[in-house]
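A closer look at the structure
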Amino acid sequence: MSLAYRVSGFNRRRKYEIFLREFAPRPEHTILDVGFSDAEYSATDNFLEKHYPHRSRITALGVEAPLRFAQRYPDVTAVQFDGGLFPFGDRSFDIAWSNAVIEHVGKHEGRWDAQVLFLREIARVSRRAFVTTPNRWFPVEVHTRTPLLHWLPKRAFDRYLRLRGQDWAAGDYMDLLSHHDLRRLLRDAGIRDYRILRNRLFGLTLDFIIIFGE
């Protein structure tokens, strides 16, 4: 296993431990996992479903058809949607979990509005929420393992990714967020009562954990 995957596994385990410590979920609590992956490329994908002991209490929401996901996790309720409004009523879930999804939400031209809606919908359908996203200013871009070049203007970074054969990560795939960006998004989503934790690696902020709700 490469160093990058070991770091990713360590980081996801640490975030999961923070989740358990902060929320102390009980067996009867319902959890919405916003952003499941139908295809799994590593042992860290769909981390909540792999490790949470009460999987029958999880509902997984995503834009993909849950074909392989449903086979792997038959006791999880999987729901496909169009990426807009969540198909649930207000306060349908005790807890929402969304790990490294918001940076992928929406098309580039309208991404900000889509990310605001994403946070607003999480706040609407859940009583408490745990949302994580990579830090734009961490020196290594975590999806492509690229050092420093993700700080270039997006068009220049996309050109580099295509030259490197990582076309999948260019275009609308992601828009990394800073601490300042997150505060603005939360403000625009009408979320006032929140905390942003800094998940650090070697003293640097690797990603952010946003906690809000009752």
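Look up: the structure comes first, before these words.
To start, this report covers the structure provided alongside it. (Residues numbered from 1 in each chain as written. Predicted model: local features only at pLDDT ≥ 70, side-chain atom pairs only at ≥ 80, totals over all residues. Heavy atoms only, no water.)

Relative to the helices and strands, Glu 121 is located in helix 4 (residues 111-125). On the accessibility criterion, Glu 121 (5% relative accessible area) is buried. Each C-alpha atom of the pair Glu 121 and Asp 158 lies 30 Å from the other, and the pair is 37 residues apart in sequence. Each residue touching Glu 121, except ones within four places of it in the same chain, is listed here: Gly 84, Leu 85 and Phe 86. (Helix = DSSP H or I, 4+ residues; strand = E, 2+ residues; numbered from the N terminus. Buried < 20%, exposed > 50% of the residue type's maximum accessible area, 1.4 Å probe, protein only. Contact = heavy atoms within 4.5 Å.)

Okay, a nonpolar patch on the surface next. Side chains of Trp 137, Leu 148 and Trp 151 sit close together on the surface and give an oily, nonpolar patch of about 320 Å² of accessible area. Structurally, Trp 151 is set in the loop between strand 7 (146-147) and helix 5 (154-163). (Patch = residues over 30% accessible without salt bridge, like charges linked within 9 Å, V, L, I, M, F, W, Y side chains within 5 Å. Areas by Shrake-Rupley, 256 points an atom, 1.4 Å probe, with all protein chains shown as cover. Salt bridge = Lys/Arg side-chain N within 4 Å of Asp/Glu carboxyl O.)

Before going further, it helps to examine the pattern of salt bridges. Applying the stated criterion to the full structure yields 11 salt bridges. Linking Arg 55 and Asp 75 is a salt bridge whose minimum nitrogen-to-oxygen distance equals 3.4 Å. With Arg 55 in the loop between helix 2 (47-51) and strand 2 (58-62) and Asp 75 in the loop between helix 3 (67-72) and strand 3 (77-80), this pair connects stretches of sequence that are 20 residues apart. Overall, Arg 55 belongs to the partly exposed group, its relative accessible area being 25%. Of the residues examined, Asp 75 reaches a relative accessible area of 35% and is grouped as partly exposed. Through salt bridges with shared partners, a single ionic network connects Glu 40, Lys 50 and Arg 72.

Turning our attention to the nonpolar core. Counting residues in hydrophobic clusters, the biggest one holds 30 residues, and the most contacted among them are Leu 32, Phe 86, Phe 88, Phe 118, Leu 119, Ile 122 and Phe 212. Those elements that place two or more of their residues in this core are strand 1 (31-34), strand 4 (93-99), helix 4, strand 5 (126-134), helix 6 (179-188) and strand 9 (204-213). Examining the composition of this core, we find that 6 residues originate from one element, helix 4, more than from any other. When residues no more than four places from it in sequence are discounted, the contact partners of Phe 86 are Leu 32, Val 34, Leu 61, Phe 81, Phe 118, Glu 121, Ile 122, Arg 124 and Val 125. With 19 residues, the next largest nonpolar core counts Phe 19, Phe 36, Ile 58 and Phe 69 among its residues. (Core = buried A, V, L, I, M, F, W, Y, C linked by side-chain atoms within 4.5 Å.)

Another point: helix 5. Among all positions in helix 5, only Phe 157, Asp 158 and Leu 161 are buried. In a view along the axis of helix 5, the buried residues occupy a sector of 100°, so they form one face of it. Residues of helix 5 that are exposed and angled more than 90 degrees away from the buried face: Arg 155 and Leu 163. Packed against the buried residues of helix 5 are strand 6 (140-141) and strand 7. The positive-phi residue at the C-terminal boundary of helix 5 is Gly 165, with phi of around 85°. (Arc of directions from axis to C-beta.)

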